[in-house]
Amino acid sequence: MNVFGIATALAGVVLFLAALLATVRANRDVRIPYWMQPVTQPRGSVAMRALGAGLTVLGAVLVGQTSVWWALAIVVAGPGVALVVIGLHNARVRQSSR
């Protein structure tokens, strides 16, 4: 069960981050808000994010049956990386607009 949980969580994080990267590419010159919709949303990115989040949580639940710390790390990893990517993107946009 642990291997399946890790594989499921990894697939979820990859889908979540792929949707984020597509959104970053579609909004190259525009800041991306943290808690609102971006100006341009690529087709299918919302569905990819939702599926990725669901798979990540499912994988964390499966891994959490044996190790709570790994489950916590899995759940924090995807959104944590997303916040860093959005922050770097917004800093780059702010820097280029000066």
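Scroll up to find the structure.
A quick note: this is a predicted structure, and the numbers were derived from the prediction, not measured.

*Asks:* Looking at this structure, I do not really get helix 3 (residues 68–97). What am I missing?
*Replies:* In an α-helix, one turn spans 3.6 residues, which is why side chains three or four residues apart end up on the same side. Compared with an ideal rise of 1.5 Å per residue, which puts 30 residues at 44 Å, helix 3 spans 44 Å between its outermost C-alpha atoms and is within 8% of the ideal. Of all bends in helix 3, the biggest is about 30°, found at Ala-77, and the proline Pro-79 comes one to four residues later. Listed in full, the buried residues belonging to helix 3 are Ala-71, Ile-74, Gly-78, Ala-82, Ile-86, His-89, Asn-90 and Val-93. Along its buried surface, helix 3 packs onto helix 1 (2–26) and helix 2 (45–64).

*Asks:* How do you make sense of the packing of helix 1 against helix 3 when you look at a structure like this?
*Replies:* Helix-helix packing is described using two parameters, namely the angle between the two axes and the distance between the axes. Where helix 1 contacts helix 3, the axes come no closer than 10 Å and their chain directions differ by 15°. When the interaxial angle is binned, helix 1 and helix 3 end up roughly parallel. Once helix 1 is placed against helix 3, the crossing between them reads as right-handed. The segment helix 1 lies against helix 3, with Ala-9, Val-13, Phe-16, Leu-17, Leu-20 and Val-24 engaging Ile-74, Gly-78, Pro-79, Val-81, Ala-82, Val-85, Ile-86 and His-89. When the residues that make up the contact of helix 1 with helix 3 are grouped by side-chain class, the tally is twelve nonpolar, two polar and no charged.

*Asks:* Would you mind showing me how to read the nonpolar core here?
*Replies:* In a soluble, globular protein the nonpolar side chains are often hidden away together inside. Residues Phe-16, Leu-20, Val-24, Ile-32, Ala-82 and Ile-86 constitute the largest nonpolar core, which totals six residues. Elements with a contribution of two residues or more to this core: helix 1 and helix 3. Considering every element that reaches this core, the biggest residue donor is helix 1, with three residues. Excluding residues within four positions of it along the chain, Val-24 makes contact with Ile-32, Val-85 and His-89. Judged by nonpolar contacts, the second largest core, of five residues, contains Ala-9, Ala-60, Val-63 and Ala-71.

What counts, and where the lines are drawn
Residues numbered from 1 in each chain as written. Predicted model: local features only at pLDDT ≥ 70, side-chain atom pairs only at ≥ 80, totals over all residues. Heavy atoms only, no water. Helix = DSSP H or I, 4+ residues; strand = E, 2+ residues; numbered from the N terminus. Expected span 1.5 Å × (residues − 1). Bend = angle between axes of the 7 residues up to and from the residue. Buried < 20%, exposed > 50% of the residue type's maximum accessible area, 1.4 Å probe, protein only. Contact = heavy atoms within 4.5 Å. Axes fitted to C-alpha atoms, helices over the stretch in contact; angles between N-to-C directions. Parallel < 35°, antiparallel > 145°, perpendicular 65-115°, else oblique. Left-handed = near helix turned anticlockwise from the far one by under 90°. Nonpolar A, V, L, I, M, F, W, Y, C, P; charged D, E, K, R; others polar. Core = buried A, V, L, I, M, F, W, Y, C linked by side-chain atoms within 4.5 Å.

Keep in mind that these numbers describe shape and distance, not what the molecule does.
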